[in-house]
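# Results of the structural survey
What follows is each chain in one-letter form.
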Amino acid sequence: MEIQKAVIFDLDGVIVHTDIYHYRAWKELADRLGVPFDETANNRLRGVSRMESLEIILENGEFSRLPATEKAALADRKNETYKALLQAMSPADLSPEVRGTLETLRKQGVRMAIGSSSRNAGLILEKIGLEGFFDAVSDGNNITNSKPDPEVFLKAAGFLCVRPQDCIVVEDADAGIEAAHRAGMKAVAMGDAVRAGRGDWNIAFFPELLSIFL
Ligand code: BG6
Ligand code: MG
């Protein structure tokens, strides 16, 4: 295939398995409120912002009508639980397969960015030893609309000075695959996004990216 100029990686659930910590933190909140929440419901939160995730969790119950200030307090509480879980992370949480693939792409001169809805992206990259590794980081701190809106990927392409059509996105969220397509980019699906079936490629093992990008 033709050589693409840039790759934009989602972070949570693609580079590192922080998706498990998101789930645990939301589950703790949901259990405390007595709201049903399981791993199937959790898949709807992939790629979605913190406040939108809370709205999804509360959507069918009495808490959906809480005032905005109380909802913000619940989201803050979840974030505190989540950040406490992140504290235990270290470079050992970056799998050898992901590290090796990223290093190979770097050696081949592939431009790489992060495109994540998370406001904790900087903290996570620091924890796993990838602070400063990517050519650009577009995250929840520089967008107003989260996936499936294309904003986070369009900003990443802008930071890289690469045209959207020259970027490929790697995503575990169906909302992220949709965001990539709305940005005019192709997308590689992994994890839960494979099940949804809208990726231009599907991979089961991270190093398979090398045969797509090189
Ligand atoms: C995305 C996750 O990367 O970031 C979502 O897939 C999460 O599940 C979103 O809700 C926002 O994360 P944070 O760290 O800003 O609460
Ligand atoms: Mg993800």
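Each remark here, short or long, concerns the structure printed above.
A brief look at the structure comes next. (Residues numbered from 1 in each chain as written. Chains lettered and ligands numbered in written order. Predicted model: local features only at pLDDT ≥ 70, side-chain atom pairs only at ≥ 80, totals over all residues. Heavy atoms only, no water.)

### Here we look at the site of ligand 1
Surveying the vicinity of ligand 1 reveals 15 residues, the closest of which are Asp-12, Val-48, Ser-118, Arg-119 and Asn-120. Within the side chain of Asp-12, an N or O atom sits 2.6 Å from an oxygen atom of ligand 1. At 3.3 Å from an oxygen atom of ligand 1 is found a side-chain nitrogen or oxygen belonging to Ser-53. Its free accessible area being 400 Å², ligand 1 has 96% of it covered by the protein chains. Its residues assigned to classes, the shell around ligand 1 shows 3 nonpolar, 8 polar and 4 charged. Mapping the shell around ligand 1 onto the domain boundaries places at least three of its residues in each of domain 1 (6-16 + 91-213) and domain 2 (19-86). (Near = heavy atom within 4 Å. Polar contact = N/O pair within 3.5 Å; in protein donor to acceptor, adjacent residues only side chain to side chain. Areas by Shrake-Rupley, 256 points an atom, 1.4 Å probe, with all protein chains shown as cover. Nonpolar A, V, L, I, M, F, W, Y, C, P; charged D, E, K, R; others polar. Domains from an automatic or database assignment.)

### Quick look at the sheet that holds strand β3 (residues 136-138)
Spatially, β3-β2-β1-β4-β5-β6 is the arrangement adopted by the 6 strands of the open sheet, whose pairing is parallel. The open sheet is flanked by β3 and β6 (201-202), the only strands paired with a single partner. As judged from the 4 bridges shared by strand β1 (residues 6-9) and strand β4 (residues 167-171), these two strands associate in the parallel manner. Within β4, the residue paired with Val-7 across the bridge is Ile-168. (Pairing = 2+ DSSP bridges. Helix = DSSP H or I, 4+ residues; strand = E, 2+ residues; numbered from the N terminus.)

### Some words on the packing of aromatic side chains
Counting across every chain of the model gives 4 aromatic pairs. Aromatic side chains Phe-9 and Phe-206 sit 6.0 Å apart centroid to centroid with 25 degrees between the ring planes, which places their arrangement in the stacked category. Note that Phe-9 is positioned in strand β1 and Phe-206 in the loop between β6 and α10 (209-213), a separation of 197 residues in sequence. A residue is classified by how much of its surface remains accessible, and Phe-206, at 6% relative accessible area, is buried. One cation-aromatic arrangement involves Lys-78 over Tyr-82; the distance from NZ or CZ to the ring centre is 4.5 Å. The ring of Phe-133 has Arg-106 sitting right over it, with the charged end atom 4.7 Å from the ring centre. (Phe/Tyr/Trp six-rings, centres within 6.5 Å; stacked < 30°, edge-to-face > 60°. Buried < 20%, exposed > 50% of the residue type's maximum accessible area, 1.4 Å probe, protein only. Lys NZ or Arg CZ within 6 Å of the ring centre and 35° of its normal.)

### What about the packing of helix α1 (residues 19-33) against helix α3 (residues 50-58)?
Running from amino to carboxyl end, α1 crosses α3 at an angle of 40 degrees, the nearest separation of the two axes being 11 Å. When the axis of α1 is compared with that of α3, the two are oblique. Once α1 is placed against α3, the crossing between them reads as right-handed. For the pair α1 and α3, contact is made by Trp-26, Leu-29, Ala-30 and Leu-33 and by Arg-50, Ser-53, Leu-54, Ile-57 and Leu-58, respectively. Here the residues of the contact of α1 with α3 are counted per class, giving 7 nonpolar, 1 polar and 1 charged. (Axes fitted to C-alpha atoms, helices over the stretch in contact; angles between N-to-C directions. Parallel < 35°, antiparallel > 145°, perpendicular 65-115°, else oblique. Left-handed = near helix turned anticlockwise from the far one by under 90°. Contact = heavy atoms within 4.5 Å.)

### Remarks on unusual backbone geometry
Where the residue is not glycine, phi is negative for most of them; where a peptide bond is considered, it is trans in most cases. Note that the residue after Lys-147, namely Pro-148, is joined by a cis bond; omega there is 15 degrees. Summarising the element assignment, Pro-148 is placed in the loop between β3 and α7 (151-160). Even without being a glycine, Cys-161 presents a positive backbone phi close to 60 degrees. Within the fold, Cys-161 resides in the loop between α7 and β4.

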